[in-house]
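# A look at the structure
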Amino acid sequence: MTSQPEQRSTVARRALLGTALGGAAAAALPGTAHAEEPMESVPPAAAGGTRRPWRLRDTMTTDGAWAGFLRGQDLRWTRLPTRWYEGPFLGDGLLGSMIYQEPGANRIRFTVQHGRVQDHRPQFGSGWGTCRLPVGHLTLDPVGTVTAVDWRLSLLNAELTGTVTTTAGTLTLAALIHDEVLAVRATADGDERVVWTFHPEEAVSPRKISEAPPAGYTANPPWTTRTTSDGTEQVLQPLTGGGSTATAYRRTGDDLLLSVGHGFPSATAAETDSLRNLSRATSYGDLRRRHTRWWHAFYRKSFVSFPDQRLQSFHWIQLYKVASASRAGGPVMATCGPWLEPTPWPAVWWNLNVQLEYWLIHGSNHLELDALATTLRQSQEQLIANVPAAYRADSSGVGRSSDMFANRGVGQPGTGAETGDLTWALHNVWLSYRHSMDEALLRDTIYPVLRRAINYYLHFLTPGSDGRLHLPSTLSPEYPIVPPKDTNYDLALIRWGCRTLIESAELLGIDDELTPRWQEVLARLTPYPVDGNGFMIGADTPYAQSHRHYSHLLMVYPLYLVNWDQPESRELITKSVEHWHALTGAHRGYSYTGAASLYAMTGDGDTAIGYLKKFFDPTTRYPCQANTHYTEAGPVIETPLSASQSLHDMFCQSWGGVIRVFPAVPTAWADVTLHDFRTQGAFLVSAVRKAGTTRFIRIRSLAGEPLHLRHGLTGTLTVLLDDGTPARTRNLGEGTLAIDLPKGREVLVHSGSRPDLVIAPVAVGEPGPAWGLP
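None of the values given here were measured: they were computed from a predicted structure.

## Thoughts on the pairing of strand β6 (residues 136-140)
Along β6, 5 of the 5 residues are buried, which leaves the element largely enclosed by surrounding structure. Of the strand pairs in this sheet, strand β5 (residues 108-114) and β6 are connected by 5 bridges, and their pairing is antiparallel. Following the sheet pairing, Thr111 is matched in β6 by His137. In terms of strand pairing, β6 meets strand β11 (residues 196-200) through 5 bridges, oriented antiparallel. Each bridged residue has a counterpart across the sheet, and for Gly136 the counterpart in β11 is Pro200.

Pasting the structure below:
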């Protein structure tokens, strides 16, 4: 197929990416209408023939409003946390610290870890050779025995404040991290005194808790210390594989400032960087002013409120967490974020973890946190080097786990290898494109990398006796049996990838020589293997034992290739999800968040919230922990973040080119407020639900994309542009309205008389304790 951009407008071509890829059944392009249903009526102008412009009254525009609301979401401690998953946590996307009792000692530990600090010996694999490496920890060493704490982690200010009471007196402290500097201010009363000690940690893989080093592995050299002319202390950690880490800290009065630098291959860059970071932070107060300015602007980009206090607080903590763990210019998150602890997973995991880590940044309107897109853009040469040499001319891939540079070889189909992880990661980047409509992201990252990722598959697709194309044995993450062929995980990704490439080429005006091949694959690729219980793992391999991943259901969620808008697919979806959860034992936290999102797609908010609450049930084997972090054999950051995405899926969905407002709100949540929730097509959605009924929807277009809205309203609709004039609309059926909304304009949709257009927190209907140890 030859692209003809002169015959199709950019908006119409972009619409293909929003509709065809999601498989929405009733999404029509502008200029079409469904004859079987009448046009939505639009009331005439207000009495007297004059237009009556409207606007929202946003109560969340002042520092005081945000301070009052977010204070109700803060974490609190009235007893000393003794484990990492109980304590406060701070971060700026690179440097991270968790605060809890020093194990077996009367001290308070502030861990010091950094997202760029890793080893550089790929010959020993991601678990040892390119793993994240520990840096060290600070301790606050009181004179007396700690008897109580009174701490608050302020989300608004991203700052820990409070007191430590001991048998000798009181310590008052405050702590934050900004611009790669950990800043702590502490004062003492009574017979207490402030004593800080930095403890360097051995630069060895945290995986040592679960296995011995590989053969031939040698330890990194020991650290050394030095004091600069201005009294700054430095710990210098050289690395056997090249590069080094440096930790610099100094104390001035009540303030202690600490920074970490890491450089590779340079042996001196880390030392310079750590000192430069400190030089930019003259005092706690100076750093705090810059720090709070960033965080106050961060929260104002979107707003959500609902009546379950415990879950509402959890959601806002996840936004704080993801902004503490990731920034677009930094490294992609490892499984533990920037808070390294002993773990068998001290690397980036590509077969589920990294995808779940970044989903919530889209709806919450925080694309500035997308380090995954940054990583794939910057690592294109490494992704080529990851495939076997015979395929590097046209293919790319990544293995199950890697360092922050995506350095990990990928196996071949036919060997039982896990091969689809790069394609799934690219779906996340495609979501960033769809939520921003940033054509440069599509052109420079998604299209070239996805083209090579799908090419890798194409080398191994072979026709069978049935005339269909089949894929030899690959692994469905992380099912213990390898199908002999046609693994559903890979078939779903191949279909999504080929569709995306065809539509992207047309959008970009590229006449790609591979387009006929992608079309052939879509026409001839074997159907998904299915049995009486629903989707199988792969050909001749039923889903027959409990499995924590939902890799065999990827075509349903999050790809939506098989979806609830297809009536013929509903029975298959239902029995597949039910059978997945009928076999218990191996389920983990993200098994529950995944089920919640799957049921949200079906519109069943009550079942969705039932599954989501299993993640918070302390009687389950792996529940959410006291500070909202999560652990299995070690820290795993993705599951709580994916729980926030499950909430997003209940409140607003935008797959298949259709925005669905309040599609699966639990019946117990009669009131919900959304403001500037970002959707595919680069729309900002504001909506209010009261007493179980949607009162109004306001949508702002940032890119001029086609707007198809499934509004959930009944009766005669009012659809007004921001100048008070009626918007042009078309009824597409299934409760979906097409609205002509130019770029930069807003539209208001409501039924009946005009409601109060107020954005405000909803009243708490289900009280709950604060997170932490209140």
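## Brief notes about unusual backbone geometry
Cis geometry marks the peptide bond from Pro477 to Glu478, where omega comes out at -15°. Among the secondary structure elements, Glu478 is positioned in the loop between β20 (469-470) and α13 (488-508). Put simply, Tyr557 and Pro558 share a cis peptide bond, and its omega is 10°. Following the sequence through the fold, Pro558 ends up in the loop between β22 (534-535) and α15 (570-582).

## Describing the sheet that holds strand β31 (residues 736-739)
Ordered by their spatial adjacency, 5 strands build an open sheet running β23-β24-β28-β31-β30, and the pairing between neighbours is mixed. Strand pairing shows two members of the sheet lacking a second neighbour, β23 (652-653) and β30 (729-733), which therefore form its edges. Here β30 pairs with β31 via 4 bridges, running antiparallel. Residue pairing in the sheet places Gly733 in a bridge with Thr736 of β31.

## Some points on the pattern of salt bridges
Under the criterion given, the structure shown has 36 salt bridges. We note a salt bridge from Arg107 to Asp141, for which the minimum N-O separation is 3.6 Å. With a gap of 34 residues between them, Arg107 in the loop between β4 (95-101) and β5 and Asp141 in the loop between β6 and β7 (146-154) connect regions that are remote in the sequence. Take Arg107: its relative accessible area is 31%, and that puts it in the partly exposed class. Through salt bridges with shared partners, one network takes in Arg400, Glu418, Glu478, Arg548, Arg588 and Glu632.

## Some details on the packing of aromatic side chains
Counted by the stated rule, this structure contains 42 aromatic pairs. When the ring of Phe303 is compared with that of Trp316, the centres are 5.9 Å apart and the planes differ by 40°; the resulting orientation is tilted. Taken as a pair, Phe303 in strand β16 (residues 303-305) and Trp316 in helix α6 (residues 309-325) lie far apart in primary sequence, 13 residues in all. On the accessibility criterion, Phe303 (3% relative accessible area) is buried. Judged by centre distance (6.5 Å) and plane angle (85°), the rings of Tyr447 and Trp518 are edge-to-face. Note that Tyr447 is positioned in helix α12 (residues 439-458) and Trp518 in helix α14 (residues 515-524), a separation of 71 residues in sequence.

## A closer look at the confidence of the model for the chain
Averaged over the chain, the pLDDT score is 94; the fraction of residues at 70 or greater is 93%. Counting interchain partners and residues more than four positions distant, the pLDDT-below-50 stretch residues 1-9 has 17 contacts. A low-confidence stretch, residues 22-50 stays under pLDDT 50, and its non-local contacts, those more than four residues away or across chains, total 57 contacts.

## Some thoughts on the nonpolar core
Counting 214 residues, the largest nonpolar core has Tyr299, Trp316, Met650, Phe651, Trp669 and Val747 as the members making the most contacts within it. Among the elements that line this core, the one with the most residues is α13, at 12 residues. In this view, Phe651 contacts Val304, Phe306, Arg660, Val661, Phe662, Pro663, Val665, Trp669, Val672 and Leu674; residues no more than four positions away in its chain are not counted. One finds Ala183, Ala248, Leu257 and Tyr284 within the second-largest nonpolar core, a separate group that totals 10 residues.

## Some details on the side chain of Arg121
Topologically, Arg121 is positioned in the loop between β5 and α3 (125-129). When its relative accessible area of 3% is taken as the criterion, Arg121 is described as buried. A distance of 2.7 Å separates a polar side-chain atom of Arg121 from the backbone oxygen of Thr218. Filtering out sequence-adjacent residues up to four positions away, Arg121 remains in contact with Gly129, Thr130, Tyr217, Thr218, Asn220, Thr240 and Gly241.

## Structural notes on the pairing of β7
When strand β2 (residues 75-77) meets β7, the two strands line up antiparallel, connected through 3 bridges. Across the sheet, Arg76 pairs through a bridge with Arg152, a residue of β7. As defined by bridge partners, β7 adjoins strand β8 (residues 159-166) across 8 bridges and the pair is classed as antiparallel. The residue of β8 that forms the bridge with Ala148 is Thr165.

## Some thoughts on the sheet that holds strand β3 (residues 89-91)
Ordered in space as β3-β4-β5-β6-β11, the 5 strands form an open sheet in which the pairing is antiparallel. The open sheet is flanked by β3 and β11, the only strands paired with a single partner. Neighbouring strand axes in the sheet, compared pairwise and without regard to direction, differ in orientation by 20° on average. Pairing between β3 and β4: 3 bridges, direction antiparallel. Residue Leu90 lies in a different strand from β4, and its bridge partner there is Ser97.

## Notes on the packing of α13 against α14
For the pair α13 and α14, interaxial distance at closest approach is 9 Å and the crossing angle is 140°. Handedness of the α13/α14 crossing: left-handed. Residues Ile494, Arg495, Cys498, Arg499, Leu501 and Ile502 of α13 pack against Thr515, Trp518, Gln519, Val521 and Leu522 of α14. Looking at the contact of α13 with α14, its residues break down into 7 nonpolar, 2 polar and 2 charged.

## Observations regarding the side chain of His581
Along the polypeptide, His581 turns up in helix α15. Only 3.0 Å separates the side chain of His581 from the backbone oxygen of Ser591, close enough to count as a polar contact. Those residues in contact with His581 that lie beyond four places of it in its chain are His587, Ser591, Tyr592, Ala595 and Tyr611.

## Considerations on the environment of Pro477
Along the chain, the position of Pro477 falls in the loop between β20 and α13. A C-alpha to C-alpha distance of 8.0 Å links Pro477 and Tyr489, two positions 12 residues apart in sequence. Once residues lying within four places of it in the same chain are set aside, the contact partners of Pro477 are Asn351, Glu418, Asp421, Tyr489, His547, His549 and Ser551.

## Here's the deal with the environment of His547
Of note, His547 is situated in the loop between β22 and α15. His547 gets classed as buried once you look at its relative accessible area, which sits at 3%. Separated by 39 residues in the primary sequence, His547 and Ala586 have C-alpha atoms spaced 5.3 Å apart. Excluding anything up to four places from it in sequence, His547 contacts Pro477, Glu478, Tyr479, Trp580, Ala586 and His587. There is a polar contact of 3.2 Å between the side chain of His547 and the backbone oxygen of Pro477.

## Let's talk about the environment of Leu156
Counting through the fold element by element, Leu156 comes out in the loop between β7 and β8. Distance from Leu156 to Glu571, taken between C-alpha atoms, is 45 Å for residues 415 residues apart in sequence. Apart from the residues lying within four places of it in its own chain, the contact partners of Leu156 are Trp66, Ala67, Leu70, Trp295, His296 and Tyr299.

Rules behind the numbers
Residues numbered from 1 in each chain as written. Predicted model: local features only at pLDDT ≥ 70, side-chain atom pairs only at ≥ 80, totals over all residues. Heavy atoms only, no water. Buried < 20%, exposed > 50% of the residue type's maximum accessible area, 1.4 Å probe, protein only. Helix = DSSP H or I, 4+ residues; strand = E, 2+ residues; numbered from the N terminus. Pairing = 2+ DSSP bridges. Salt bridge = Lys/Arg side-chain N within 4 Å of Asp/Glu carboxyl O. Phe/Tyr/Trp six-rings, centres within 6.5 Å; stacked < 30°, edge-to-face > 60°. pLDDT = per-residue confidence, 0-100. Contact = heavy atoms within 4.5 Å. Core = buried A, V, L, I, M, F, W, Y, C linked by side-chain atoms within 4.5 Å. Polar contact = N/O pair within 3.5 Å; in protein donor to acceptor, adjacent residues only side chain to side chain. Axes fitted to C-alpha atoms, helices over the stretch in contact; angles between N-to-C directions. Left-handed = near helix turned anticlockwise from the far one by under 90°. Nonpolar A, V, L, I, M, F, W, Y, C, P; charged D, E, K, R; others polar.

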